[in-house]
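Chain by chain, the residues:
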Amino acid sequence: MDNSFYIKSHCRIKNSKISLNTVEVFERETKDFIEFIKAAYKSLDTKYPKFFKMDRLSKLAFIAADVLLKNENLNPEIEQDIAVVLSNKASSLDTDRKHQKAIQDKENYYPSPAVFVYTLPNICIGEISIKYKLYSENSFFIFDSLNAEHLSIYSNSLLETNKAKEVLCGWVELDGDNYDAFLYLVSTKGKIEHTKQNIDKLYKL
Amino acid sequence: MDALKLELKENIIEQLNLEDMTADDIANDDILFGDGLGLDSIDALELIVMLDKNYGIKLADPKEGRAIFESIDTMAAYIAENRSK
């Protein structure tokens, strides 16, 4: 593995807490995901009304990315050369079920367009990309668990072939009120070497 | 008619997830799309579903929506004239 790349920063959202580079930035004791993530949105001063229209997976990915990218002090008016490579296990199942429920009864058949548009996992990448003007490469992979090896090889490849200057990468899993997000920024700058071992180590913290 | 307008405002806020807004924040003649309330194309589709589900109105031509969904006033007038439930 090419070790000239680094994990510049990382964000974790799990168990009612949000941390940036292992420092806790938000906590709200609740088992209700929506209550938790809305409280985080307000506390972190996100100011992006479209957030409320997103499905739950997108809300999770968006807040994790926002915590990381806000820390980069990016100019919101300028296009960023940052690729996005995300992954999870449940895909968009949480929203798929909601959509399926709306079309289950033929006598009461009212599919919601606003729900249907989120019945793909990579829509959350779109939400992040719109806010931060990330028009580079993007991919969403489905794995049984965090696949650090695949993500690191893929991210390194994007950087080595100059497809992007940095890669926003990681795991965003959500199903019902169960959630776990671990996003990190791969860059030529940083202190933590971008290796499979370090990705796994940070994820297990 | 006033009751219908209030009902529309409450439904729009709930259906379109307009967080932190109340019915009092929407004037009857506020423009709903574009620079007004800032609704988008997916919201327009939601409003078409809402007309069907709540009032039994099926828009045969979605382009009709542009005039109908201009404001709460225009929506209420169209619903009052065409509702089947």
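The written sequence of each chain sets the order in which its residues are numbered from 1. Chains and ligands are labelled sequentially in the order written, the chains with letters from A and the ligands with numbers from 1. Local features are withheld for residues below a pLDDT of 70 in this predicted model, meaning they are given only at 70 or higher, and side-chain atom pairs are given and counted only at 80 or more; totals for whole chains, interfaces and linings count all residues. Processing note: side-chain calculations cover all non-hydrogen atoms of the structure and skip hydrogens and water entirely.

## Looking at the overall build of chain B
Okay, step 1: We count a stretch as a helix when DSSP gives it H or I for four or more residues in a row; a strand needs E for two or more, and each element gets its number in order from the N terminus. From N to C terminus, chain B includes 4 helices and 0 strands.
Okay, step 2: Helices and strands in chain B line up, N terminus first, as α-α-α-α.
Okay, step 3: Relative to the 2.2 N^0.38 estimate, which gives 12 Å for 85 residues, the radius of gyration of chain B is 12 Å and therefore close to what a compact globule would have.
Okay, step 4: Taken along its principal axes, the extent of the C-alpha atoms in chain B is 30 × 25 × 20 Å. We compute the radius of gyration over the C-alpha atoms and compare it with the globule rule, which gives 2.2 Å times the number of residues raised to the power 0.38.

## Examining the nonpolar core
Okay, step 1: Membership of the largest hydrophobic core comes to 43 residues, with the highest contact counts inside it found for Ile13, Ile18, Ile63, Leu86 and Leu168 of chain A.
Okay, step 2: Of all the secondary structure elements, the ones that give two or more residues to this core are strand S1 (6–14), strand S2 (17–20), helix H1 (33–43), helix H2 (56–70), strand S4 (82–88), helix H5 (123–132), strand S6 (166–175) and strand S7 (178–187) of chain A.
Okay, step 3: Tallying contributions element by element places H2 of chain A first for this core, with 10 residues.
Okay, step 4: When near neighbours in sequence (up to four residues on either side) are disregarded, Ile18 of chain A contacts Cys11, Arg12, Ile13, Val23, Glu24, Val25, Phe26, Phe36, Ala40, Leu44, Ile63 and Val67 of chain A.
Okay, step 5: Formed by 23 residues, the second largest nonpolar core is a distinct cluster that contains Leu4, Leu16, Ile26 and Met50 of chain B. What is meant by a nonpolar core is a set of buried Ala, Val, Leu, Ile, Met, Phe, Trp, Tyr and Cys residues, joined one to another through side-chain atoms within 4.5 Å. Note on classification: 1.4 Å probe, protein chains only; a residue is buried when its accessible area is under 20% of the maximum for its type, exposed when over 50%, partly exposed between these limits. The contact definition used throughout considers only heavy atoms, calling two residues in contact when any of these lie within 4.5 Å.

## What about H5 of chain A?
Residues and elements named next belong to chain A.
Okay, step 1: Most of H5 is tucked away, with 7 of its 10 residues classed as buried.
Okay, step 2: Within H5 the residues assigned to the buried category are Cys124, Ile125, Glu127, Ile128, Ser129, Lys131 and Tyr132.
Okay, step 3: For H5, the secondary structure elements touched by its buried residues are H2, S4, strand S5 (138–142) and S6.

## A short note on the side chain of Ser129 of chain A
All names here are of chain A.
Okay, step 1: One can find Ser129 in helix H5.
Okay, step 2: Among the residues examined, Ser129 registers a relative accessible area of 9% and is labelled buried.
Okay, step 3: Setting aside its immediate chain neighbours within four residues, Ser129 contacts Val84, Leu134 and Tyr135.

## Quick look at the packing of helix H1 (residues 2–15) of chain B against helix H4 (residues 72–82) of chain B
Residue and element names in this part refer to chain B.
Okay, step 1: Each axis is a line fitted through C-alpha atoms, taken for helices only over the stretch in contact, and angles between the N-to-C directions span 0 to 180 degrees. Where H1 meets H4, the closest approach of the two axes is 10 Å, and the angle between their N-to-C directions is 115°. When the axes of H1 and H4 are compared, the pair comes out roughly perpendicular. As for the relative orientation of H1 and H4, their crossing is right-handed in sense. Between H1 and H4, the residues in contact are Leu4, Lys5, Leu8, Lys9 and Ile12 and Ile72, Asp73, Met75, Ala76, Ile79 and Ala80, respectively. Should an angle fall under 35 degrees it is called roughly parallel, over 145 degrees roughly antiparallel, and 65 to 115 degrees roughly perpendicular, with every other angle called oblique. Crossings are sorted by hand: turned counterclockwise from the far helix by less than a right angle, the near helix makes the crossing left-handed, and turned clockwise it makes it right-handed.

## Side note on the layout of surface pockets
Okay, step 1: In this analysis, the protein atoms alone were mapped onto a 1 Å grid. Cavities are point sets where a 1.4 Å probe fits without being able to get out; pockets are open sets with protein on both sides within 12 Å along at least five of seven lines; lining residues have an atom within 4 Å of a point. Grid points are joined across faces, edges and corners, and a volume is the space filled by probe spheres set on the points. Approximately 1,000 Å³ is the volume found for the largest pocket.
Okay, step 2: If you go around the largest pocket, you meet 38 residues; those closest to its centre are Lys98, Ser112, Ala114 and Val115 of chain A together with Asn17 of chain B.
Okay, step 3: Among the secondary structure elements, those contributing two or more residues to the lining of the largest pocket are H1, H2, helix H3 (93–103), helix H4 (113–116) and H5 of chain A together with H1 and helix H2 (41–55) of chain B.
Okay, step 4: With 7 residues, H2 of chain B is the largest single contributor of residues to the lining of the largest pocket.
Okay, step 5: All amino acids are sorted into three groups, where Ala, Val, Leu, Ile, Met, Phe, Trp, Tyr, Cys and Pro are nonpolar, Asp, Glu, Lys and Arg are charged, and the leftover types, Gly among them, are polar. Looking at side-chain class alone, the lining of the largest pocket contains 15 nonpolar, 6 polar and 17 charged residues.

## Concerning the environment of Arg12 of chain A
Residues and elements named next belong to chain A.
Okay, step 1: Here Arg12 shows up in strand S1.
Okay, step 2: A residue is classified by how much of its surface remains accessible, and Arg12, at 12% relative accessible area, is buried.
Okay, step 3: A C-alpha to C-alpha distance of 9.6 Å links Arg12 and Val23, two positions 11 residues apart in sequence.
Okay, step 4: Setting aside residues no more than four positions away along its own chain, Arg12 makes contact with Lys17, Ile18, Ser19, Asp180, Ala181, Phe182, Leu202, Tyr203 and Leu205.
Okay, step 5: The definition of a polar contact used here is a pair of N or O atoms within 3.5 Å, where within protein one atom must be able to donate a hydrogen and the other to accept one, and adjacent residues in sequence count solely through side-chain atom pairs. In this structure the side chain of Arg12 is engaged in a polar contact, spanning 2.9 Å, whose partner is the side chain of Asp180.
Okay, step 6: At a separation of 2.4 Å, a polar atom in the side chain of Arg12 contacts the main-chain carbonyl oxygen of Tyr203.

## Remarks on the state of the cysteines
All names here are of chain A.
Okay, step 1: Cysteine sulfur atoms that pair up within 2.5 Å are treated as a disulfide. One pass over the full model with this rule turns up 0 disulfides over all chains.
Okay, step 2: Lacking any disulfide linkage, Cys11 is separated from the closest cysteine sulfur, that of Cys169, by 14 Å.
Okay, step 3: Here Cys11 falls in the buried class, since its relative accessible area comes to 1%.
Okay, step 4: The thiol of Cys124 is not disulfide-bonded; the next cysteine sulfur, from Cys169, is found 13 Å away.
Okay, step 5: On the basis of relative accessibility, which here comes to 0%, the residue Cys124 falls in the buried class.

Honestly, that's just the spatial picture; any functional story needs more than this.
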